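Here are the chains, one letter per residue:
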Amino acid sequence: MTTATSRSDKPKLPPSSKVPPSIIAIQAILDQFGTLEQFERKYGEIFYSPKSTLFPLPPYVIFSNPQAIEQVFTADPDFFEVGQQSTAPVRVLLGDNSLVLLNGKEHRRQRKLLMPPFHGERMKSYGQTMVDVTQEVISQWQVGQTISIRDYTQQISLEIILRTIFGINKGQRYDRLKGILVDYLETFNSPLTSFFLFFPWLQKDLGALTPWSKFLQQKRQIREILQWECERRRNNPEAMGEDILSLLLEARDEDGKPMSDVEIEDELMTMLFAGHETTASSLAWSFYWLHRLPKIKQKFQEELDSLASNTELTDIAKLPYLSAIVSETLRLNPVIVFVGRQLKKPMELMGYQFQSGTSIFPSIYLTHQRPDIYPEPKKFKPERFIEKQFSPYEYLPFGGGHRRCLGYAFALYEMKLVLATIMSQVKLELLDNRPLKSTRRGFTFSPDGGVRMKIRG
Ligand code: HEM
């Protein structure tokens, strides 16, 4: 009798695999996309995993159903919170005040303070810097040189962030900060060095040469430079510029309170982290597809050739075919594969009941691969974005709802201006002219091998 009652009281959950969650986690680390596709083939548009015992993973549900995604994106933000365990490495890397770690009122306050530079006229004013940085980088290319395009899109996106967000430009301090940041960001991309970020018991200062001590030292140096920069601007109002750091120093919340230096530093690191790998990998994919599919490149070249020499940057960003190429790149090769939320209260989705503590993962990748929304989903077809408009629950490269990517307009603007600048000035040949896989780089995914190309002229 008791058994029957407790059985009927059990929440109804979606199908799940009999393979232990820890084994699935390892399989997903090794082959994220293959694992997702395998589960989707087996269980359909929603599947569940109970709590893992080996990894610090709560129970989670993955789905690609647009109605369910709409329900999550439009739900009261109070349904969700940031998972403490799964975000521990982010905390170590970016600091406790990072936007990605904040909940509720604090998250709303900080987003409101950070939002203005990323929209409207202010954001557009960064266009010239985006073009200048791209031109500086490509001016070093030699005809006949073989490059991995991702190395250069990474260099471009890092420099753009340092100039527009940190407001630091050329000179000794700039070179020093850039050098330390490159090393610091690499920590997460190497499986060996990133290991200690996930296991707090490895976080011990055991002398100057150990990875954790080196990491702490880099973190201290970055903080010192940023702190110095904040103080310099406060003491010299003429040093304030159009960059995002200056705007954050001047920002006030509803109670007239400024952001603290530590808050500003954590947010600068967050924007750097969230904004530069993502944009660099997405751009590398665009270069790959343009050169893999000559007809698409030809059509894009014709669009670029039709531009007058004095076309405004904001008009370049509105070009329909360029916009479609960028949208299709982010659909087919999303560099972030899930949107992540953790339930603070129970929630019902697609007729299933989920307890608080469950991680909710709308899958960007699987949604973008649905043949009912995107016929021939494995093909790169920019035209689909010209023929049809997709809803924010069918097309979600930047997530959605109250945590939608803060820098999405910035990223789209940057991708379009970098593509237009390079494609109108340099001829490139694709050396990796074969199907390319998406491989893991820390939290994000990137084209395998970085897309090797040759400079043709
Ligand atoms: C192609 C480039 C980019 C892609 C694909 C991308 C994608 C994403 C995604 C999927 C999220 C999670 C959204 C959610 O949970 O609903 C996110 C969050 C975020 N992104 Fe981006 N992003 C890109 C570029 C940028 C840039 C350039 C910046 C800033 C300079 C940026 C700043 C952020 C921040 C601060 C968040 C956290 C928002 C919050 O938690 O409230 N991103 N991004």
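Residues numbered from 1 in each chain as written. Predicted model: local features only at pLDDT ≥ 70, side-chain atom pairs only at ≥ 80, totals over all residues. Heavy atoms only, no water.

1. Concerning the packing of helix α2 (residues 21-30) against helix α3 (residues 32-43)
Where α2 meets α3, the closest approach of the two axes is 5 Å, and the angle between their N-to-C directions is 125°. Judged on the interaxial angle alone, α3 and α2 are oblique. Within the contact between the two elements, α2 uses Ile 24, Gln 27, Ala 28 and Leu 30 and α3 uses Gln 32, Thr 35, Gln 38 and Phe 39. By residue class, the composition of the contact of α2 with α3 is 4 nonpolar, 4 polar and no charged. (Axes fitted to C-alpha atoms, helices over the stretch in contact; angles between N-to-C directions. Helix = DSSP H or I, 4+ residues; strand = E, 2+ residues; numbered from the N terminus. Parallel < 35°, antiparallel > 145°, perpendicular 65-115°, else oblique. Contact = heavy atoms within 4.5 Å. Nonpolar A, V, L, I, M, F, W, Y, C, P; charged D, E, K, R; others polar.)

2. Quick word on the site of the ligand
Near the ligand you find 29 residues, and of these His 107, Arg 111, Arg 341, Arg 403 and Cys 405 are the closest. Contact distances for the ligand include 3.0 Å between an oxygen atom and a backbone N or O atom of Gly 400. Arg 403 is positioned with one of its side-chain polar atoms (N or O) 3.0 Å from an oxygen atom of the ligand. Elements represented by at least two residues in the shell around the ligand include exactly α6 (104-114), α14 (261-292) and α20 (408-425). Sorting elements by how many residues they give to the shell around the ligand places α14 first, with 6 residues. The residue inventory of the shell around the ligand, partitioned by class, reads 17 nonpolar, 8 polar and 4 charged. (Near = heavy atom within 4 Å. Polar contact = N/O pair within 3.5 Å; in protein donor to acceptor, adjacent residues only side chain to side chain.)

3. Here we look at the coordination of the iron atom of the ligand
Coordination of the iron atom of the ligand by the protein involves just one donor, Cys 405 (SG), at a distance of 2.3 Å. Looking at where Cys 405 falls in the secondary structure, it is placed in the loop between α19 (384-387) and α20. (Donors = N, O, S within 2.8 Å, 3.2 Å for Na, K, Ca; no water.)

4. Focus: the packing of aromatic side chains
All told, the structure shown has 21 aromatic pairs when counted by the stated rule. Ring centres 4.9 Å apart and planes at 70° place the aromatic pair Tyr 288 and Trp 289 in the edge-to-face group. As far as the burial class goes, Tyr 288 and Trp 289 line up, both buried. Three or more aromatic residues joined by ring pairs make a cluster, and in this case those are Trp 285, Tyr 288, Trp 289 and Phe 380. Stacked on the ring of Phe 79, the Lys or Arg Lys 345 has its end atom at 5.2 Å from the ring centre. (Phe/Tyr/Trp six-rings, centres within 6.5 Å; stacked < 30°, edge-to-face > 60°. Buried < 20%, exposed > 50% of the residue type's maximum accessible area, 1.4 Å probe, protein only. Lys NZ or Arg CZ within 6 Å of the ring centre and 35° of its normal.)

5. Description of the environment of Phe 273
Summarising the element assignment, Phe 273 is placed in helix α14. With 39 residues separating them in the primary sequence, Phe 273 and Arg 234 have C-alpha atoms 25 Å apart.

6. Overview of α14
Helix length check: α14, at 32 residues, gives a terminal C-alpha distance of 47 Å against a target of 46 Å (1.5 Å per residue), a fit within 8%. Counting buried residues in α14 gives 28 out of 32 residues, a clear majority hidden from the surface. (Expected span 1.5 Å × (residues − 1).)

7. Let's talk about the sheet that holds strand β3 (residues 80-81)
Overall, mixed pairing links the 5 strands, which are arranged β1-β2-β8-β5-β3 in an open sheet. The sheet is open, and its two borders are formed by β1 (46-49) and β3, each paired with just one other strand. Strand direction decides the pairing type here: β3 and strand β5 (residues 341-343), joined by 2 bridges, are antiparallel. Pairing of Phe 80 across the sheet is with Leu 343, part of β5. Together, β1 and β2 (60-63) form the strand contacts of α3, whose direction differs from that of β1 by roughly 115°. (Pairing = 2+ DSSP bridges.)

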